[in-house]
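Notes for the structure review
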Amino acid sequence: MKDFKQIKSDILNQKISPLYVLGGEESWFIDSLMKELDQHVLSPAEEAFNKTLLYGGEFQLAQLIQTCRSFPVMANRRLVLVKEAQKMPKADWTKLEAYWKNPVPSTVLALACKTKSLPIGKAAIKDIQQHGVFLHAKKMYDRDVLAWLTEYLKDTGMQFAPKVPGILLTNLGTNIPLIVNELNKILVYLKATKQDQIQEDFVYEMINVDKEFNVFELIGAISQKNKSRSHMIIDRLTQNVKLNPPILIISALYRFFYNVSLVWDYQLRDPNAVKNQLGVNYFAAKDYLLAKTKFPRAKVMKNLLHIKEADASLKGFYPSNMKEDHILKTLVLRLLD
């Protein structure tokens, strides 16, 4: 099965398939490929008579099939884009299987289905792969996003400081569209000023994060068991929860201690071993090893429980009279007990 990068490369190189079924929860990958097809299958002059855009739930299946079987007009291909395909009736997906077995070579049919479970079975997926392209963009978690982000940065051709992917992930979360949007702003500025390196300080500035007082620095202080600095940073962060959403702070803290627990579980002692096992960069690996020397495994597990309890309190699952800033300050106190 081809991955996102391979599919995009094929489209850019005009290796176009007659069928694309793009599904999953990570909508950025789906939207990106639909955009590439929209831009590269037809020339602007060919679009008027050969491009059809449909939305799931707003058309009859017969209309879609008829459009797909129509010959292109003064062009080599016809492009049919179906967005929000998850809104199509399940019966329509079943009936489409006959078309997938024998798609029209001169038509490029692309369906975008943004849902966790795709409404097709293994046999249908096999047919799609035989005649076209199938992508299931599964939800990505911290480790996946960090690996993807590192590759994405490499593909820009820019040099970047080792901590840049971690800074973006820690401060923006796993929201890929948000990460890409912030990165694009950074790249536009750097290219306009003829710079070819992404530095940590510049990232902090561009994503509107105070370098000295941010989640990344909070984790660094906690990993060293620096109580005074940890409390100072959390105090500053909670003064503006709009710029420093509590949910991102909680997520980053949980991710940190969860990875430290894995270092304990796998009995890792070398930064390169941590890097390879957890899929993190070398500098993060060193931080996890340092935290292992400061936090016994029992304390790490206890801290994970403290974080879960704070998360539940923030979401209102546990009755509490404490405000958001008090919950976070209390959490940091408990983590450093």
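Residues numbered from 1 in each chain as written. Predicted model: local features only at pLDDT ≥ 70, side-chain atom pairs only at ≥ 80, totals over all residues. Heavy atoms only, no water.

We now examine the overall build of the protein. In terms of helices and strands, the protein carries 17 helices and seven strands. In the protein, which comprises 337 residues, the share counted as buried stands at 47%. Within the protein, contacts between residues separated by at least 24 positions form 72% of all contacts whose residues are at least 6 apart in sequence. Accessible surface, the protein as shown: approximately 17500 Å² in total, 51% of it carbon and sulfur. For the protein, the distance from the average position of its 46 positive side-chain charges to the average position of its 35 negative side-chain charges is 4 Å. (Helix = DSSP H or I, 4+ residues; strand = E, 2+ residues; numbered from the N terminus. Buried < 20%, exposed > 50% of the residue type's maximum accessible area, 1.4 Å probe, protein only. Contact = heavy atoms within 4.5 Å. Areas by Shrake-Rupley, 256 points an atom, 1.4 Å probe, with all protein chains shown as cover. Lys, Arg positive; Asp, Glu negative; His and termini not counted. Charge placed at Lys NZ, Arg CZ, Asp CG, Glu CD.)

Another aspect to go through is the environment of Y55. Positionally, Y55 belongs in strand β2 (residues 51-55). Residue Y55 is classed as partly exposed on the basis of its relative accessible area of 34%. With 56 residues separating them along the chain, Y55 and L111 place their C-alpha atoms 9.5 Å apart. The residues touching Y55, leaving out its near neighbours within four places in the chain, are K83 and E84.

Nonpolar side chains tend to gather and get buried jointly when the protein is soluble and globular. The biggest cluster of nonpolar side chains holds 86 residues, and the ones touching the most others in it are Y20, W148, I198, L253, F257, V274 and Y288. For V274, the contacting residues outside a window of four places in its chain are V263, L268, G279, V280, A285, Y288 and L289. Of all hydrophobic cores here, the second largest spans 25 residues; its members include L54, F59, V82 and Y99. (Core = buried A, V, L, I, M, F, W, Y, C linked by side-chain atoms within 4.5 Å.)

To continue, consider the packing of helix α5 (residues 90-101) against helix α6 (residues 122-131). The N-to-C vectors of α5 and α6 enclose an angle of 30 degrees; their axes lie 9 Å apart at closest approach. One way to sum up the angle between α5 and α6 is to call them roughly parallel. In the crossing of α5 with α6, the sense of the turn from one axis to the other is left-handed. Seen from α5, the contacting residues are E97, W100 and K101; seen from α6, they are A124, D127, I128 and H131. Each residue belonging to the contact of α5 with α6 can be placed in one class, and the counts come to three nonpolar, one polar and three charged. (Axes fitted to C-alpha atoms, helices over the stretch in contact; angles between N-to-C directions. Parallel < 35°, antiparallel > 145°, perpendicular 65-115°, else oblique. Left-handed = near helix turned anticlockwise from the far one by under 90°. Nonpolar A, V, L, I, M, F, W, Y, C, P; charged D, E, K, R; others polar.)

Relative to the helices and strands, S230 is located in helix α12 (residues 227-237). Overall, the relative accessible area of 0% leaves S230 in the buried class. The residues touching S230, leaving out its near neighbours within four places in the chain, are L218, A221, I222, V332 and L336.

Summed over all chains, the structure comprises 13 aromatic pairs. When the ring of F256 is compared with that of Y288, the centres are 5.5 Å apart and the planes differ by 40 degrees; the resulting orientation is tilted. With F256 in helix α13 (residues 246-265) and Y288 in helix α15 (residues 282-294), this pair connects stretches of sequence that are 32 residues apart. Here F256 and Y288 have matching classes, each one buried. Its end group placed over the ring of Y141, K139 keeps NZ or CZ at 5.9 Å from the ring centre. (Phe/Tyr/Trp six-rings, centres within 6.5 Å; stacked < 30°, edge-to-face > 60°. Lys NZ or Arg CZ within 6 Å of the ring centre and 35° of its normal.)

A word on the sheet that holds strand β4 (residues 107-113). On the basis of which strands lie adjacent, the open sheet formed by five strands has the order β2-β3-β4-β1-β5 and parallel pairing. Strands with a single pairing partner mark the edges of an open sheet, and in this sheet they are β2 and β5 (133-137). Averaged over neighbouring strand pairs, the angle between their axes works out to 10 degrees when direction is ignored. In this fold helix α4 (residues 61-69) packs onto β2, β3 (78-83) and β4, with an angle of close to 155 degrees to the strand it touches most, β3. The strands touched by α6 within the sheet are β1 (19-24) and β5, with β5 carrying the most contacts at an inclination of about 125 degrees. (Pairing = 2+ DSSP bridges.)

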